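Breakdown of the fold
Residue-level listing of the chains:
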Amino acid sequence: MPKGEQFGLAWEVATLEAMRAVVARAVDLRGKLGTEAERDSCLDAADVAAAYIQCPWPDWLPRHFLRLSPDIIAALPDHLKPPPGMRNPLWPVQKCLYGHPLSGHLWIKLFKRFLIDHGWEELSESLFSRDGCLLCVYVDDILMAGVAEERAAAWREIQAEFDVGSVGPAEDFLGTHIAWTFEEGTWVCSLSMSEYCD
């Protein structure tokens, strides 16, 4: 089996229809996470900072190179500048870069592999379960529901591997505003998707 296939990575860029299908499933999952959450098992959210750049360029893919503009080359530290007189120097890509058609796929595969290796069960393309926690991931946005101790342990694991922004109560996720209110002795989670109507 070619190395790329062992990770399920198609060698061509996903079609627009395939990308829409992933977004549609993510939209469906927001409602599921909201209805499963109770006050004792509330929702946290965080962004993975510069997610693509945290993903190394895999050895099993053909090497890719960057050609930098003269302005950028001039701003490089001396030890990274090409020798004087070298025309059109190329730098090998070592990390996934925003704008490259494979970077998103590679980042998602890396993060999914991390979750599975740490005991998360993949329920659907973007929903995972472990120890009473549900985790929804969409590219670099993470939403987690579960009991406080289990969520804290899961966030510690993720933050030990990836640079994750601050973790806090989920207020917005993929265009959905999340609000908690206490009504007649019960915590109620309200989801507003008004951004989809504008």
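Each value, and the rule that gives it
- Throughout this document, residue positions are counted from 1 along each chain, in the order its sequence is written.
- Totals for whole chains, interfaces and linings use every residue, but because this is a predicted model, local features are given only for residues with pLDDT of at least 70 and side-chain atom pairs only at 80 or more, for both listing and counting.
- Side-chain numbers here rest on the full set of heavy atoms in the structure, without hydrogens or water.
- Strand pairing is defined by DSSP finding a minimum of two bridges between the two strands.
- By definition, any uninterrupted DSSP run of H or I lasting at least four residues is a helix, any uninterrupted run of E lasting at least two residues is a strand, and each is numbered from the N terminus.
- We call two residues in contact when some of their heavy atoms are within 4.5 Å.
- Each axis is a line fitted through C-alpha atoms, and for a helix only the stretch in contact is used; angles between axes span 0 to 180 degrees, taken between their N-to-C directions.
- Here, a salt bridge means any side-chain nitrogen of Lys or Arg that lies within 4 Å of a carboxyl oxygen of Asp or Glu.
- The buried label applies to any residue whose accessible area, calculated with a 1.4 Å probe on protein chains only, is under 20% of its type's maximum; exposed applies above 50%, and partly exposed to all values in between.
- Any pair of N or O atoms that falls within 3.5 Å is considered a polar contact. Within protein, one atom must be able to donate a hydrogen and the other to accept it, and sequence-neighbouring residues count only if both atoms are side-chain atoms.
- Between rings of Phe, Tyr and Trp, where Trp is taken as its six-membered ring, a pair exists when centres lie within 6.5 Å; planes separated by under 30 degrees are stacked, by over 60 edge-to-face, and by other angles tilted.

1. Considerations on the sheet that holds strand 5 (residues 127-130)
One open sheet holds the 6 strands; their spatial order is 4-5-6-7-1-8, and the pairing between them is antiparallel. Of all the strands in the sheet, just strand 4 (121-122) and strand 8 (168-169) have a single pairing partner and so form its edges. With 5 bridges connecting them, strand 1 (residues 43-47) and strand 7 (residues 141-145) associate as antiparallel partners. Along strand 7, the bridge assignment pairs Leu-43 with Ala-145. Against the sheet, helix 3 (residues 103-117) engages strand 4, strand 5, strand 6 (133-138) and strand 7, with an angle of about 20 degrees to strand 5. Against the sheet, helix 4 (residues 148-161) touches strand 1, strand 5, strand 6 and strand 7, its axis set at about 155 degrees to strand 7.

2. Focus on the environment of Ala-46
Within the fold, Ala-46 resides in strand 1. Non-local contacts of Ala-46, meaning those with residues more than four positions away in its chain, are made with Asp-140, Asp-141, Ile-142, Trp-155, Val-164, Gly-165, Ser-166 and Val-167.

3. Looking at the pairing of strand 10 (residues 176-183)
By the bridge criterion, 2 bridges tie strand 9 (residues 172-173) to strand 10 in an arrangement that is antiparallel. Bridge pairing in strand 10 places Asp-172 opposite His-177. Counted between consecutive antiparallel strands, the loop separating strand 9 from strand 10 contains 2 residues, among which Leu-174 sits at a positive phi close to 50 degrees.

4. Comments concerning the pattern of salt bridges
Scanning all chains against the criterion turns up 6 salt bridges. Notably, a salt bridge pairs Arg-130 with Asp-131, separated by 3.6 Å at the nearest N-O pair. Judged by relative accessible area, which is 12%, Arg-130 ranks as buried. Its relative accessible area of 53% is what places Asp-131 among the exposed residues. Each member of the salt-bridge network shares a partner with another, and the members are Arg-130, Asp-131 and Glu-157.

5. Remarks on the side chain of Asp-44
Tracing the chain through its elements places Asp-44 in strand 1. According to the relative accessible area criterion, Asp-44 is buried, its value standing at 10%. At a separation of 2.7 Å, a polar atom in the side chain of Asp-44 contacts the side chain of Arg-151. A distance of 3.2 Å separates a polar atom in the side chain of Asp-44 from a polar atom in the side chain of Trp-155. Filtering out sequence-adjacent residues up to four positions away, Asp-44 remains in contact with Ile-142, Leu-143, Met-144, Arg-151, Trp-155, Val-167, Gly-168, Pro-169 and Ala-170.

6. Examining the side chain of Gln-54
Residue position: Gln-54 is located in the loop between strand 1 and strand 2 (65-66). A polar side-chain atom of Gln-54 sits 2.5 Å from the main-chain carbonyl oxygen of Ala-49.

7. Remarks on the packing of aromatic side chains
Inspection of every chain in the model, using the stated rule, returns 6 aromatic pairs. Seen from their ring centres, Trp-107 and Phe-162 are 5.2 Å apart, and the 85 degrees between their planes marks the pair as edge-to-face. Of the two residues, Trp-107 is situated in helix 3 and Phe-162 in the loop between helix 4 and strand 8; the sequence distance between them amounts to 55 residues. For Trp-107, a relative accessible area of 0% puts it in the buried group. With centroids separated by 6.2 Å and ring planes inclined at 25 degrees, the aromatic side chains of Phe-111 and Phe-114 adopt a geometry described as stacked. Taken together, the residues span about one helical turn, with Phe-111 and Phe-114 both in helix 3 at a distance of 3 residues. Accessibility classification places Phe-111 together with Phe-114 in one group, the buried group.

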